[in-house]
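For reference, the chains in residue letters:
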Amino acid sequence: MLFDYDTLKLIWWGFVGVLLIGFALTGGFDLGVGMLLPFVGRNDIERRVVINTVGATWEGNQTWFITAGGALFAAWPLVYAAAFSGFYVALMLLLFALFFRPVGFDYRSKIADPRWRSAWDWALFAGGFVPALIFGVAFGNLLLGVPFHYDDTMRLEYTGNFFDLLNPLGLLAGLISVSMFVMHGAAFLQIKSDGFVAQRAAKAAVIASSIMSILFVAAGLLVALQVQGYHIAAMPDANTAFMPIDKLVTRLTGSWMDNYAHWPALWLLPFTGIAGALLCAIFSKKQQAMAAFLSSGLALSSVILTAGASMFPFVMPSSLEPNSSLTLWDAVASQKSLGIMFWVVVVMLPIILVYTSWVYRVLRGKVTNEGVVADQHSLY
């Protein structure tokens, strides 16, 4: 093996983070555009402009989402199993909301009836809003801990229900996620559209980035001052394979801030997230679309990295039995599996990045009202 087992565990923590950020940066603006559709498009042509800004690339962007799910299953099988047990209803709701997207894109313009098209516009809104909200709510509940534990035979038992997820911190995290993707989608619309659509998108970006900044600060204060975090007090050698219940975990208010005390440089992450959002608002107001989009991407990446830095090394804490909490040290696949998949990622990830960059270069340029009218039968 090229790497020790504990090194591979750390590498895969990083890989999963990269895949999540990749999905957020690409699929994130798809979700944001969907949420903005009924508001920045005031007539049918403008709404078709909005749809076609992502129409050529949204399916390819889902590659990141599928790959992140596959990596979760392959690298952290215990997390995959626990997540689908604990968040089953939420994940099914997410899945069915995502169904609105391909159907909405394909069917919306098939019939010229305004009621038909308006219904699909709101379906596309739901296809963006519901997943964005669920992503945030799920993470907020990870910070609180998920009600599961392992019994004497190492079978996982989940005791919560869907409505338990709708707690104040979960909903706050959900609103941060929604505002973050709206900001990113609005910044993307500024690049890909013009006229009134771009102007309204710029206003939406200013509003969404301001809301995201305020909510992000509020969530940080809540987590630091009110939420009981998790801390590993003792565990077996990280270079070995061991069961989750073999470690000792303690809970204490403010423990999620421990990593920032040990590595002060991590404070750059939340500050960069706030700064990126504020810069997005400033650049959007000045109609500097590309700068606004890059700032939005910086904010989004920093928020995800802040979350990862706060929870490290926990992946799915248990509120019922802290010792059953899943971490990157004990929820992983075998060393051989991680080693084989490492080389798969090393080969395939650059290919995906190069191909994605090439696609966006080929499809660069704005979607205009005139272009939509001229290509009525070939565009969404």
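Residues numbered from 1 in each chain as written. Predicted model: local features only at pLDDT ≥ 70, side-chain atom pairs only at ≥ 80, totals over all residues. Heavy atoms only, no water.

## Considering the layout of surface pockets
There is about 420 Å³ of room inside the second largest pocket. Forming the boundary of the second largest pocket are 23 residues, of which T53, K192, L363, G365 and V367 lie nearest the centre. Per element, the largest residue contribution to the lining of the second largest pocket is 4 residues, and it comes from helix α2 (residues 44-55). Tallied by class, the residues present in the lining of the second largest pocket amount to 11 nonpolar, 8 polar and 4 charged. (1 Å grid on protein atoms, 1.4 Å probe; cavity = no way out; pocket = protein on both sides within 12 Å on 5 of 7 lines; lining within 4 Å. Points joined across faces, edges and corners; volume = space filled by probe spheres on them. Helix = DSSP H or I, 4+ residues; strand = E, 2+ residues; numbered from the N terminus. Nonpolar A, V, L, I, M, F, W, Y, C, P; charged D, E, K, R; others polar.)

## Observations concerning the pattern of salt bridges
Using the criterion set out here, one finds 8 salt bridges in the structure. Among the ionic pairs, D44 bridges to R108, the shortest N-O distance being 2.8 Å. Placement of the pair is D44 in helix α2 and R108 in the loop between α5 (88-107) and α6 (114-144), with a sequence separation of 64 residues. Exposure remark for R108: the relative accessible area of 1% places this residue in the buried category. (Salt bridge = Lys/Arg side-chain N within 4 Å of Asp/Glu carboxyl O. Buried < 20%, exposed > 50% of the residue type's maximum accessible area, 1.4 Å probe, protein only.)

## Digging into a nonpolar patch on the surface
A contiguous nonpolar patch, built from L2, I340, W343, V344, V346, V347, M348 and I351 and spanning about 750 Å² of accessible area, is present on the exposed surface. On the secondary structure map, V344 appears in helix α12 (residues 335-362). (Patch = residues over 30% accessible without salt bridge, like charges linked within 9 Å, V, L, I, M, F, W, Y side chains within 5 Å. Areas by Shrake-Rupley, 256 points an atom, 1.4 Å probe, with all protein chains shown as cover.)

## Examining the side chain of S179
Inspection of the secondary structure assignment puts S179 in helix α7 (residues 168-192). At 3.0 Å, the side chain of S179 and the backbone oxygen of I176 are in polar contact. In contact with S179, other than residues within four places in its own chain, are A208, I211 and M212. (Polar contact = N/O pair within 3.5 Å; in protein donor to acceptor, adjacent residues only side chain to side chain. Contact = heavy atoms within 4.5 Å.)

## Description of unusual backbone geometry
That bond from F312 to P313 is cis: its omega, 5°, falls within 30 degrees of zero. If you trace the backbone, P313 turns up in the loop between α11 (289-311) and β5 (314-316). Its identity as a non-glycine residue notwithstanding, M154 has a phi of 65°, on the positive side. Residue placement: M154 occurs in the loop between β1 (148-150) and β2 (156-158).

## Remarks on helix α4 (residues 77-86)
When we look at burial in α4, the residues that qualify are V79, A82, A83 and G86. Buried positions in α4, seen along its axis, are confined to an arc of 100° and lie on one side of it. On its buried face, α4 is in contact with α3 (58-75), α5, β2, β5 and β6 (326-327). (Arc of directions from axis to C-beta.)

## Focus: the packing of aromatic side chains
Applying the stated rule across the entire model yields 31 aromatic pairs. Their ring planes at 90° and their centres at 5.1 Å tell us that W12 and F15 sit as a pair that is edge-to-face. Taken together, the positions of W12 and F15, both in helix α1 (residues 5-40) and 3 residues apart, correspond to about one turn of that helix. The exposure classification of W12 matches that of F15, with both residues buried. Taking 5.7 Å as the distance between ring centres and 85° as the angle between the ring planes, the aromatic pair formed by F39 and W122 counts as edge-to-face. Taken together, the residues span a long stretch of sequence, with F39 in helix α1 and W122 in helix α6 at a distance of 83 residues. A relative accessible area of 44% places F39 in the partly exposed class. W122 gets classed as partly exposed once you look at its relative accessible area, which sits at 41%. Members of the aromatic cluster, connected to one another through ring pairs, are F3, W12, F15, F342 and W343. Positioned over the ring face of Y5 is K9, at 4.3 Å from the centre of the ring. (Phe/Tyr/Trp six-rings, centres within 6.5 Å; stacked < 30°, edge-to-face > 60°. Lys NZ or Arg CZ within 6 Å of the ring centre and 35° of its normal.)

Treat this as a map of the structure, not an account of what it does.
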